[in-house]
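These are the residues of each chain, in order.
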Amino acid sequence: GVLDTLQRHSDWGQPMPKGRGRGISVVDNHGGVMGMVAEVTVNERGAVRVDRMVGAIDAYNIVNPNLVAAQVEGGAIFGLTAALYGEITLKDGAVTQGNFDDYPMVRMADTPRVVTHICSSGGVDAEGQPKWGGVGECTVAPVAAAVTNAIFNATGVRVRRLPIKHID
């Protein structure tokens, strides 16, 4: 259901102009299934901008869909920060980052549009009780792979290490 939902809502299969790409990733994580499609633009200097992220989640049974959508949006931005910039560096045995003023994060101006689709399949566990899937960690897990797959789609270059800010 997650893949079908992503295909329907992400324009998957539609061509993109030169320098733009679309990538996908799906994870089964903490009892939930989460998929993400990222659309990126890579300019002529190689700078990456994530333009849009489409997420689909199956956490089986959901009580509050608004909270799930908020979790997907927050997880997408958290995962994007980690993929693009996330690193802790050491100098003379000490961490050089002290706070958010020297640890780059995705800012509002760089935040892509995040669209969430919930595709709960329901179901029960082995004891016949409603099946519940996780919504927290699984929203972060597919982000880096979706973005790096989109970069490959746009450029033909595979990203093999993170953070992306160090990729030429």
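The structure displayed is predicted, hence computed values, not measured ones.

Draft legend 1. Representation of the overall build of the chain within the structure. Regarding its fold elements, the chain presents three helices and six strands. Helices and strands in the chain line up, N terminus first, as α-β-β-β-α-β-β-β-α. Taking 168 residues into account, the globule formula puts the C-alpha radius of gyration at 15 Å, and the chain, at 17 Å, falls close to it. For the chain, the C-alpha atoms occupy an extent of roughly 55 × 45 × 25 Å along the three principal directions. In the chain, the share of contacts with a sequence separation of at least 24, taken over all contacts with a separation of at least 6, comes to 64%.

Draft legend 2. Region of the structure containing the pairing of strand β3 (residues 48–58). Of all 11 residues that make up β3, eight are buried, and the element is covered over most of its length. As paired elements, strand β2 (residues 32–42) and β3 share 10 bridges and run antiparallel to each other. Residue pairing across strands places G35 opposite A56, the latter belonging to β3. Counting the residues that bridge the hairpin from β2 to β3 gives five residues, and of these G46 lies at a positive phi of roughly 95°.

Draft legend 3. Up close: the side chain of S10. Position of S10 among the secondary structure elements: in the loop between α1 (2–9) and β1 (20–29). Taking the relative accessible area as the measure of exposure, S10 reaches 0% and is therefore buried.

Draft legend 4. Focus on the nonpolar core. Counting residues in hydrophobic clusters, the biggest one holds 28 residues, and the most contacted among them are V40, M53, L80 and V147. Dropping the residues within four chain positions of it, V147 is found in contact with A38, V40, V50, M53, L80 and I164.

Draft legend 5. Spatial organisation of the state of the cysteines. Inspection of the entire model under this criterion finds zero disulfides. The structure places no disulfide on C119, whose sulfur is separated from the nearest cysteine sulfur, that of C138, by 11 Å. For C119, a relative accessible area of 16% translates into the label buried.

Draft legend 6. The arrangement of the sheet that holds β3 in detail. As summarised here, the arrangement of the four strands in space is β1-β2-β3-β6, forming an open sheet in which the pairing is mixed. Among the strands making up the open sheet, the edge pair consists of β1 and β6 (113–118). Strand-to-strand twist in this sheet, taken as the mean axis angle between neighbours without regard to direction, amounts to 15°. Bridge analysis of β1 against β2 gives 10 bridges, and the strand direction is antiparallel. Counted as the bridge partner of V27 is M34 from β2.

Draft legend 7. Representation of the packing of helix α2 (residues 65–84) against helix α3 (residues 143–155) within the structure. Put simply, α2 and α3 touch, their axes get as near as 8 Å, and they point 60° apart. Considering the angle they form, α2 stands oblique to α3. Where α2 crosses over α3, the two elements pack in a sense that is right-handed. Of the residues in α3, those touching α2 at G75, A76, G79, L80 and A83 are V143, A144 and V147. Each residue belonging to the contact of α2 with α3 can be placed in one class, and the counts come to six nonpolar, two polar and no charged.

Draft legend 8. Geometry of unusual backbone geometry. Between L162 and the following residue, P163, the backbone shows a cis peptide bond with an omega angle of 5°. Residue position: P163 is located in the segment after α3. Backbone geometry places D11, a non-glycine residue, at a positive phi of 65°. Topologically, D11 is positioned in the loop between α1 and β1.

Draft legend 9. Summary view of α3. In this model α3 runs 18 Å from its N-terminal to its C-terminal C-alpha over 13 residues, within 8% of the 18 Å that 1.5 Å per residue would give. V143, A146, V147, T148, A150, I151 and A154 are the residues of α3 that are buried. Contact partners of the buried residues in α3: β1, β2, β3 and α2. G156 sits one or two residues past α3 and shows a positive phi near 80°.

Criteria and cut-off values
- Residues numbered from 1 in each chain as written.
- Predicted model: local features only at pLDDT ≥ 70, side-chain atom pairs only at ≥ 80, totals over all residues.
- Heavy atoms only, no water.
- Helix = DSSP H or I, 4+ residues; strand = E, 2+ residues; numbered from the N terminus.
- Rg over C-alpha atoms; globule rule 2.2 N^0.38 Å.
- Contact = heavy atoms within 4.5 Å.
- Buried < 20%, exposed > 50% of the residue type's maximum accessible area, 1.4 Å probe, protein only.
- Pairing = 2+ DSSP bridges.
- Core = buried A, V, L, I, M, F, W, Y, C linked by side-chain atoms within 4.5 Å.
- Disulfide = S-S within 2.5 Å.
- Axes fitted to C-alpha atoms, helices over the stretch in contact; angles between N-to-C directions.
- Parallel < 35°, antiparallel > 145°, perpendicular 65-115°, else oblique.
- Left-handed = near helix turned anticlockwise from the far one by under 90°.
- Nonpolar A, V, L, I, M, F, W, Y, C, P; charged D, E, K, R; others polar.
- Expected span 1.5 Å × (residues − 1).

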